[in-house]
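Observations on the three-dimensional arrangement
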Amino acid sequence: MVHTTASSPLPGPGPHPTVPLRPMTVSAQEAEERARSFYEIMSRRRTVRDFGSRPLPEGVVEWAVRTAATAPSGAHVQPWRFVVLTDPDRKRRLREAAEAEEREFYGRRASEEWLEALAPLGTDEHKPFLEIAPAVIVVFEVHKGPGTPRPYYTKESVGVAVGFLLATLHQAGLATLTHTPSPMRFLNEICERPPEERGAYVIPVGYPAAEARVPDLRRKPLEEVMIRL
């Protein structure tokens, strides 16, 4: 990622304009309260595979994508594209193509070790959520093409943006799932995207079904994921 300060101009030839930073002013006490409050909200986020048909609130997906697009990116190239599918026929085609790849994955490509790791999640080649969820956001990495510059740290940049996207949708009370079929070239045809764009994530978005259940999982405690030196 590119790191800049107010006294350090962006790399490259010629002068680069700057604008005053508008930092958030938060007291020390409020900072911890905000961090804890955000954690408490995000700790309830779960991957959902059982969606209801309840329509999405107007404008929520647009605001979530706007938020995702505020993420940092290598050289500020912003190498992402968010394609929102709501048309039933297109979602059906997406499901059919994704399930074809998933049958190959579960039947031939995945190692026994990988399948054992997936077993507690109860996943298989059936992906009805791609049709049932009211919207599916297909996220593409945008690589160098006729009208797009060469990106830097593409996967890292898009990954951060997707994190912003998932957090915003969860804050809005919506459920999501990050589906990553492989290979993903079929996404270009279904989403009508040029070859320089490469599928990265397929994210169904909606409200969980009334009877939705999720695996009984535990997240690692702080002392296992954080080291202070």
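Here the residue numbering is sequential within each chain, running from 1 through the sequence in written order. Note on the predicted model: pLDDT of at least 70 is required for a residue's local features to be given, and 80 or more for side-chain atom pairs to be given and counted; whole-chain, interface and lining totals, by contrast, use all residues. Values shown for side chains rest on all heavy atoms present in the structure; no hydrogens or waters enter the calculation.

1. What about the packing of aromatic side chains?
Stacked, tilted and edge-to-face are the three classes assigned to paired rings of Phe, Tyr and Trp, where Trp is represented by its six-membered ring and a pair needs centres within 6.5 Å; plane angles under 30 degrees give stacked, over 60 edge-to-face, the rest tilted. Enumeration according to the criterion identifies 2 aromatic pairs in this entry. Consider the rings of Phe-105 and Tyr-106, whose centres lie 4.9 Å apart with planes at 90°: the pair is edge-to-face. The buried category is assigned to Phe-105, whose relative accessible area is 13%. On the numbers, 4.8 Å between centres and 85° between planes, the contact of Phe-105 with Trp-114 is edge-to-face. When a residue's accessible area, from a 1.4 Å probe over protein chains only, is under 20% of the maximum for its type it is buried; when over 50% it is exposed; and in between it is partly exposed. For Trp-114, a relative accessible area of 48% puts it in the partly exposed group. Sitting over the ring of Tyr-207, Arg-54 keeps its end group 3.7 Å from the ring centre. In this structure, Arg-66 is placed above the aromatic ring of Trp-63, and the distance from its NZ or CZ to the ring centre is 4.3 Å. The rule for a charge over a ring is simple: NZ of Lys or CZ of Arg within 6 Å of the ring centre, and within 35 degrees of the ring normal.

2. Considering unusual backbone geometry
Between Ser-182 and Pro-183 the backbone carries a cis peptide bond, its omega angle lying at -5°. Here a helix means four or more residues in a row that DSSP labels H or I, a strand means two or more in a row labelled E, and each is numbered from the N terminus. Structurally, Pro-183 can be placed in the loop between strand 3 (175-176) and helix 7 (186-191). At Ala-75, a residue that is not glycine, the phi angle is positive and equals roughly 55°. Mapped onto the fold, Ala-75 is located in the loop between helix 2 (60-68) and strand 1 (80-85). Within the chain, Glu-192 stands out as a residue other than glycine whose phi angle is a positive 55°. According to the relative accessible area criterion, Glu-192 is exposed, its value standing at 57%.

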